[in-house]
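Architecture and fold: a report
Given next are the chains, with one letter for each unit.
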Amino acid sequence: MEDAFRQSMLLSQGLFSIFFSNGLVSTLMVLAFGLGGWGLLPKFRRGRRRFVPVKP
């Protein structure tokens, strides 16, 4: 997979737009990023939990 990524970047002269040049590929990339963000959403909604030590 790394070789294919490297080849794509060489052919596109380093432009990431190569991954969004096709409609089908663009749709799949947006879905992949959306699902990744959806998985991280509960972590951000909870906020930071602070550790408060309990005194004996």
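Use the structure listed above.
Quick summary incoming for the structure in this document. Just so we're clear, the structure is a prediction, and the values are computed from it rather than from any experiment.

1. Focus on the pattern of salt bridges
- This model, assessed by the stated rule, comprises 2 salt bridges.
- Notably, a salt bridge pairs arginine 6 with aspartate 3, separated by 3.6 Å at the nearest N-O pair. Taken as a pair, arginine 6 and aspartate 3 lie in helix α1 (residues 2–11) at a separation of 3 residues, close to a single helical turn.
- What makes aspartate 3 exposed here is its relative accessible area of 57%.
- One continuous salt-bridge network, built from bridges that share partners, spans Glu2, Asp3 and Arg6.

2. Overview of a nonpolar patch on the surface
- Together, Leu24, Val25, Leu28 and Leu31 line one region of the surface with nonpolar side chains, adding up to about 380 Å² of accessible area.
- As for its position among the elements, leucine 31 is in helix α2 (residues 23–46).

3. Topic: α1
- Of all 10 residues in α1, 1 are buried, a share of ten percent or less.
- Of the residues trailing α1, glutamine 13 is marked for its positive phi of about 60°.

4. Thoughts on the environment of methionine 29
- Relative to the helices and strands, methionine 29 resides in helix α2.
- Each C-alpha atom, one on methionine 29 and one on phenylalanine 19, is 8.0 Å from the other, the two residues being 10 residues apart in sequence.
- Look past the residues within four positions of methionine 29 in its chain and what remains in contact with it is Phe19 and Phe20.

5. What to know about the side chain of serine 12
- Within the fold, serine 12 resides in the loop between α1 and α2.
- Overall, serine 12 belongs to the buried group, its relative accessible area being 11%.
- One polar contact links the side chain of serine 12 to the main-chain carbonyl oxygen of methionine 9, over a distance of 3.3 Å.

Calculation notes
- Residues numbered from 1 in each chain as written.
- Predicted model: local features only at pLDDT ≥ 70, side-chain atom pairs only at ≥ 80, totals over all residues.
- Heavy atoms only, no water.
- Salt bridge = Lys/Arg side-chain N within 4 Å of Asp/Glu carboxyl O.
- Helix = DSSP H or I, 4+ residues; strand = E, 2+ residues; numbered from the N terminus.
- Buried < 20%, exposed > 50% of the residue type's maximum accessible area, 1.4 Å probe, protein only.
- Patch = residues over 30% accessible without salt bridge, like charges linked within 9 Å, V, L, I, M, F, W, Y side chains within 5 Å.
- Areas by Shrake-Rupley, 256 points an atom, 1.4 Å probe, with all protein chains shown as cover.
- Contact = heavy atoms within 4.5 Å.
- Polar contact = N/O pair within 3.5 Å; in protein donor to acceptor, adjacent residues only side chain to side chain.

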